[in-house]
Amino acid sequence: MTKRMMGRVDLHLHTTASDGVLSPSRIVRYAKEKGLKAIAITDHDTIDGNTEALDEGARLSLEVIPGVEISAQFELGSMHILGFFIDIGNRGLNERLSLLQETRAKRNPKMVQKLRELGVEISYDEVFQASGGGQVGRPHFAQVLLKKGYVNTMQEAFDRYLGKGAPAYVHKFRFDPREAMKLIREARGIPVLAHPFTLHLESAHQLNGLLAEMVQLGLMGIEISYPEHTKDQISLYKGLAEKHGLLVTGGSDYHGIETGKVDIGIGSRDMRLSYSMVEAMKEALDLNS
Ligand SMILES: [Zn+2]
Ligand SMILES: [Zn+2]
């Protein structure tokens, strides 16, 4: 291994721009403290945290890879597509992500309205407060319902009101995988399938078929190292990456100390992701020259 390949990285991090707890500059400082060489900022459906992180990274000599994590439409489970090295000034990407935010912003007031029609006294303010000021989602609605005594458990809130098919449910707009990957590619980025286990596919065979289709649509990589991936899953994903000529990435999906058991750079155990992942991406983009 050459010297420039050395150093550890974390290629999956959230900030306050989406549902993370630390601001973009704080996450960069934290990564620096932990001795990481490079990180990627991959907030959900927004690239707003990147500028601040890039500035702080330049100040501290820590490489920040501009990124995003786009939720795509997928019937079985949830499909998230990471984008690395995106041009954050790209117009198409910015416009489509703003449209997504606007559509989402209408969803929550609609759910409040539906709940009120069902006789639940709830205001958007209460839900927003439950979110702590970040992106508002159904768990925050459930918290309010629980607090106000309309339900006894979070699960009951989903079963009776908020779950798919329940009376207060409002469809969540998502891009289809093809468009998510196209947006990333058009912003000169690398689309990577995040944490494949959340797709809830039944077999390796199914994942193999899906990857073949996605590669045709522009997929360039697969996230193999992830706190919840088992050893078997990691080796399966590695094998599929080789088979389909995909880049491999990994990250902790760290959302901040307060929100879970994973930590930056190490995940839930010792991930030790090597900078060679970044080098390989740069080679694919021809950024090394
Ligand atoms: Zn994700
Ligand atoms: Zn994530």
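Right, let's walk through the structure included here. (Residues numbered from 1 in each chain as written. Chains lettered and ligands numbered in written order. Predicted model: local features only at pLDDT ≥ 70, side-chain atom pairs only at ≥ 80, totals over all residues. Heavy atoms only, no water.)

1. Looking at the nonpolar core
Using the following cut-off: Here the nonpolar core consists of buried residues drawn from Ala, Val, Leu, Ile, Met, Phe, Trp, Tyr and Cys, with membership extended through side-chain atoms lying within 4.5 Å. Classification of residues uses two cut-offs on accessible area relative to the type maximum, computed with a 1.4 Å probe and protein chains only: under 20% is buried, over 50% is exposed, and between them is partly exposed.
If you look at the biggest cluster of nonpolar residues, it comprises 30 residues, and the most contacted ones within it are M79, I81, L193, L211 and M214. By size, the runner-up hydrophobic cluster in this structure holds 19 residues, among which are V9, L11, I190 and L247.

2. Some points on the coordination of the zinc ion (ligand 1)
What counts is decided by this rule: Each metal's donors are the N, O and S atoms found within 2.8 Å of it, except that Na, K and Ca use a 3.2 Å limit; water is left out, so coordination can look incomplete.
E69 (OE), H80 (ND1) and H195 (NE2) make up the full set of protein donors to the zinc ion (ligand 1), lying at 2.1 Å. Between consecutive donor residues of the zinc ion (ligand 1), the sequence gaps follow E-x10-H-x114-H. Given the relative accessible area of 0%, E69 is considered buried.

3. Structural notes on the coordination of the zinc ion (ligand 2)
Our working definition: In these descriptions, tetrahedral denotes four donors with every angle between 85 and 135 degrees, square planar four donors and octahedral six donors with opposite donors over 155 degrees apart and the rest between 65 and 115, and irregular any other case.
Of the protein atoms, only H12 (NE2), H14 (NE2), E69 (OE) and D253 (OD) coordinate the zinc ion (ligand 2), at distances of 2.1 to 2.2 Å. Given four donor atoms and angles of 81 to 170° at the metal, the environment of the zinc ion (ligand 2) is assigned as irregular. Between consecutive donors of the zinc ion (ligand 2), the numbers of intervening residues give the motif H-x1-H-x54-E-x183-D.

4. Side note on the pairing of strand β2 (residues 38–41)
Within a regular strand, side chains alternate between the sheet's two faces. Let me state the cut-off plainly: Secondary structure is summarised from DSSP: a helix means a run of H or I of at least four residues, a strand means a run of E of at least two, and numbering begins at the N terminus for each. Two strands are said to pair when DSSP picks up at least two bridges between them. Here is how to tell: hold the view so the strands point away, follow the path from the first strand over the helix to the second, and if it runs clockwise the crossover is right-handed.
Alternating residues of β2 divide into A38 and A40 and I39 and I41, and every residue in both groups is buried. Bridge count between strand β1 (residues 8–13) and β2: three bridges; the pairing is parallel. Directly across from D10, in β2, lies its bridge partner I39. On the question of chirality, the crossover connecting β1 to the parallel β2 by way of helix α1 (residues 24–33) is right-handed. Pairing of β2 with strand β3 (residues 63–72) involves four bridges; the strand directions are parallel. Across the sheet, the residue bridging to A38 is E63, located in β3.

5. Notes on α1
Threshold: It only takes one pair of heavy atoms within 4.5 Å for two residues to be counted as in contact.
Every buried residue of α1 is listed here: P24, S25, I27, V28, Y30 and A31. Taken together, the buried residues of α1 touch β1, β2, α2 (50–60) and β3. Just downstream of α1 lies G35, where phi reads positive at about 80°.

6. Digging into the sheet that holds strand β5 (residues 190–193)
Which entries qualify depends on this criterion: For helices, the fitted axis covers only the stretch in contact; all axes are lines through C-alpha atoms, and the angles between them, taken along N-to-C directions, range from 0 to 180 degrees.
Here eight strands make up an open sheet; going across it, the order is β7-β6-β5-β4-β3-β2-β1-β8 and the pairing mixed. Because the sheet does not close on itself, it has two edges, and the strands there are β7 (247–250) and β8 (273–274). Sheet topology note: the strand β6 (residues 221–225)/β7 ladder contains four bridges and is parallel. Following the sheet pairing, S225 is matched in β7 by G250. With respect to the sheet, α2 is in contact with β2 and β3, its orientation differing from that of β3 by roughly 160°.

7. A word on the pattern of salt bridges
To be explicit about the condition: Throughout this description, the term salt bridge denotes a Lys or Arg side-chain nitrogen within 4 Å of a carboxyl oxygen of Asp or Glu.
All told, the structure shown has eleven salt bridges when counted by the stated rule. Notably, a salt bridge pairs E63 with K282, separated by 2.8 Å at the nearest N-O pair. With E63 in strand β3 and K282 in helix α10 (residues 276–285), the pair connects residues that are 219 residues apart, well separated along the chain. Across the salt bridge formed by R91 and E95, the nearest N and O atoms sit 3.2 Å from each other. Placement of both R91 and E95 in helix α3 (residues 91–117) is noted, with a separation of four residues, approximately one turn of the helix.

8. Re the environment of D55
Structurally, the position occupied by D55 is in helix α2. For D55, a relative accessible area of 53% puts it in the exposed group.

9. Quick look at α10
Among all positions of α10, only M277, V278, E279, M281 and K282 are buried. Residue D286 follows α10 closely and has a positive phi angle near 60°.

10. A short note on the pairing of β6
For β6, a buried count of five out of five residues is recorded, marking the element as mostly surrounded by other parts of the structure. As for the winding sense of the linkage, the β-α-β connection from β6 through helix α9 (residues 231–244) to β7 is right-handed.

11. Let's talk about the packing of aromatic side chains
The test is simple: Classification of ring pairs uses Phe, Tyr and Trp, with its six-membered ring standing for Trp, and accepts pairs whose centres are within 6.5 Å; under 30 degrees between planes counts as stacked, over 60 as edge-to-face, and the remaining range as tilted. Two limits define a charge over a ring: the Lys NZ or Arg CZ must be within 6 Å of the ring centre, and within 35 degrees of the ring normal.
Under the criterion given, the structure shown has four aromatic pairs. In this arrangement the basic side chain of K37 is found over the ring face of Y275, its NZ or CZ atom lying 4.5 Å from the centre.

12. A word on the layout of surface pockets
Heads up, the condition is: Here a cavity denotes a set of grid points, spaced 1 Å apart and computed over the protein atoms alone, in which a 1.4 Å probe fits but from which it cannot get out, and a pocket denotes an open set meeting protein on both sides within 12 Å along at least five of seven lines; residues with an atom within 4 Å of a point are reported as lining. Grid points are joined across faces, edges and corners, and a volume is the space filled by probe spheres set on the points. Residue polarity is assigned by list, with Asp, Glu, Lys and Arg as charged and Ala, Val, Leu, Ile, Met, Phe, Trp, Tyr, Cys and Pro as nonpolar; anything else, Gly included, falls into the polar class.
By volume, the largest pocket is sized at about 1,600 Å³. If you go around the largest pocket, you meet 49 residues; those closest to its centre are D19, H44, S71, H80 and K172. Here the lining of the largest pocket takes five residues from α3, the largest share from any one element. A breakdown of the residues in the lining of the largest pocket according to their chemical character gives 15 nonpolar, 21 polar and 13 charged. Taken as a whole, the second largest pocket encloses approximately 210 Å³ of empty space. Lining the second largest pocket are 13 residues, with H229, I234, R269, D270 and M271 positioned closest to its centre. For the lining of the second largest pocket, the class distribution of residues is six nonpolar, four polar and three charged.

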